[in-house]
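Listed below, chain by chain, are the residues.
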Amino acid sequence: MRPTLTDASDLDSQDPLADFKAHFALPEGVLYLDGNSLGAQPRAAREALDATRDQWRDALVGGWNQGWFDAPERLGDLLAPLIGARAGEVLVSDSITLNLFKLLGYITERQGRARTVILSEGGNFPADGYIAEGFCRSAGFTHCFLPEGAPLEAHLDAQVAVVVLSQVNYRTGQLRDMAETTRRVHASGAEVIWDLAHSAGALAVDLAGSEVRYAVGCTYKYLNAAARGHPAFCMSVAMPSRQAGSRSPAGMVMPTPSPSTPTMPQPTG
Ligand SMILES: Cc1ncc(COP(=O)(O)O)c(C=O)c1O
């Protein structure tokens, strides 16, 4: 039997989240189904932005000591429960692409560069592949694509250092079994970075329960935090900038340049 408008209205009237729509400032008459690209603006956002603009005007450089400097950590701790991470494991900063680059550098350094291949899924969002490729070229690693639909195990050999996967595919909506896949990648001796752009805020994500050690994602889709680009987030079980007590908000260990990487000429005189 085909559902009718009355069926839909009945379901709406029983929806415990129905009133939640009122928290968003959507233009009159718009049915917005594009939250997977850019979330709608929460009504509270305007007030928060105005307050920040006033703070900038009044506090000037002193604003850094009024919560700006610690914002990546503070927001990371607020976000952590939504993705099943623990306090201290998440930083809100930069873009997904930059966070991926930083994590690739951090992980491969931790591994002592013992493995040489970064494997990313062919069906990932293109920027994930571009940055993996760029990282490999600048740091002397080899980038391989896992063909769409190919079994991961067949490609997990002793050279694979890191695998970059999406929990929910941005194009097909395919949901990966994060816990099982993480277990398999770890068993092969590699690490996995999960891209949560299309799952954080859209479904229950359990990073700790899935024993995930590294993830990236954004706040501008299902977390309705801003216009696209910034801010994104980065999760690591041993967040270097936080563990070391460093005050650098998005601080990460950068990869050692490969011997073939040209170095900047040093100024003379
Ligand atoms: C799945 C996925 N990964 C990565 C990105 C790139 O994000 P950013 O612009 O924050 O680097 C996007 C952007 O829409 C995305 O959907």
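Structure: see above.
Report follows, based on the coordinates. (Residues numbered from 1 in each chain as written. Predicted model: local features only at pLDDT ≥ 70, side-chain atom pairs only at ≥ 80, totals over all residues.)

### Some points on the overall build of the protein
Within the protein, the secondary structure is distributed over seven helices and seven strands. Helices and strands appear in the protein in the N-to-C order α-α-α-β-α-β-α-β-β-α-β-β-β-α. (Helix = DSSP H or I, 4+ residues; strand = E, 2+ residues; numbered from the N terminus.)

### As for helix α4 (residues 96-110)
One turn of an α-helix holds 3.6 residues; hence residues three or four places apart share an orientation. Its 15 residues place the ends of α4 21 Å apart at the C-alpha level, agreeing with the 21 Å of an ideal helix rising 1.5 Å per residue. If you check which residues of α4 are buried, you get Ile 96, Asn 99, Leu 100, Phe 101, Lys 102, Leu 103, Leu 104, Tyr 106, Ile 107 and Thr 108. Of the residues trailing α4, Gly 112 is marked for its positive phi of about 65°. (Expected span 1.5 Å × (residues − 1). Buried ≥ 20, exposed ≤ 12 C-beta atoms within 10 Å, placed from the backbone.)

### Some details on the site of the ligand
The ligand sits among 14 residues. The nearest are Ser 95, Ile 96, Thr 97, Phe 125 and Ala 197. For the shell around the ligand, the secondary-structure elements that each account for two or more residues are α4 and α5 (126-139). (Near = placed C-beta within 6 Å.)

### Remarks on the pairing of strand β5 (residues 191-195)
With five of its five residues buried, β5 lies for the most part within the structure. Side chains Glu 191, Ile 193 and Asp 195 of β5 all project onto a buried face; the interleaved residues Val 192 and Trp 194 project onto the opposite face, where all are buried too. Pairing of strand β4 (residues 160-166) with β5 involves five bridges; the strand directions are parallel. Across the sheet, the residue bridging to Val 163 is Val 192, located in β5. With helix α6 (residues 178-187) bridging β4 and the parallel β5, this β-α-β connection has right-handed handedness. Taken together, the three bridges between β5 and strand β6 (residues 214-218) define a ladder with parallel strand orientation. By the bridge assignment for β6, Asp 195 is matched with Val 216. (Pairing = 2+ DSSP bridges. Right-handed = clockwise from strand over helix to strand, strands pointing away.)

### Points about the nonpolar core
Membership of the largest hydrophobic core comes to 53 residues, with the highest contact counts inside it found for Ile 193 and Val 216. Looking at this core, the element that brings in the most residues is α4, giving seven residues. For Ile 193, the residues in contact, after removing those within four places along its chain, are Leu 100, Leu 103, Val 162, Val 164, Tyr 214, Ala 215 and Val 216. (Core = buried A, V, L, I, M, F, W, Y, C linked by C-beta atoms within 7 Å. Contact = placed C-beta atoms within 7 Å.)

### Here we look at the sheet that holds strand β3 (residues 142-146)
Pairing is mixed across the open sheet formed by seven strands, whose spatial order is β1-β7-β6-β5-β4-β2-β3. Two strands in the sheet have a free side with no partner beyond their single neighbour: β1 (90-92) and β3. Here the average twist between neighbouring strands, direction ignored, is 20°. This element, helix α3 (residues 71-79), spans β1 and β7 (232-236) of the sheet and lies at about 120° to β1. Running at roughly 170° to strand β2 (residues 117-121), α5 makes contact with β2, β3, β4 and β5 of the sheet. (Axes fitted to C-alpha atoms, helices over the stretch in contact; angles between N-to-C directions.)

### Some words on unusual backbone geometry
Non-glycine residue Asp 94 carries a positive phi angle of around 55°. With respect to the element layout, Asp 94 can be found in the loop between β1 and α4. Of note, Arg 113 is a non-glycine position whose phi angle comes to about 55°, a positive value. Residue position: Arg 113 is located in the loop between α4 and β2.

### Section: the packing of α4 against α5
Their axes nearest at 9 Å, the elements α4 and α5 cross at an angle of 40°. Taken together, the axes of α4 and α5 lie oblique to each other. The two elements α4 and α5 meet at a crossing, and its hand is right-handed. Taken together, the residues of α5 that come into contact with α4 (itself represented by Thr 97, Leu 100, Phe 101, Leu 104, Gly 105 and Thr 108) are Ala 127, Asp 128, Ile 131, Ala 132, Phe 135 and Ala 139. (Parallel < 35°, antiparallel > 145°, perpendicular 65-115°, else oblique. Left-handed = near helix turned anticlockwise from the far one by under 90°.)

### Let's talk about the environment of Ala 40
Examined against the element boundaries, Ala 40 turns out to sit in the loop between α1 (5-14) and α2 (43-59). Take Ala 40: there are 17 C-beta atoms within 10 Å of it, and that puts it in the partly exposed class. Each C-alpha atom, one on Ala 40 and one on Leu 26, is 6.7 Å from the other, the two residues being 14 residues apart in sequence.

### A word on the environment of Pro 42
Inspection of the secondary structure puts Pro 42 in the loop between α1 and α2. Residues Pro 42 and Asn 224, spaced 182 residues apart in sequence, show a C-alpha to C-alpha distance of 6.9 Å. Ignoring anything within four residues of it in the chain, the contact list for Pro 42 reads His 23, Phe 24 and Asn 224.

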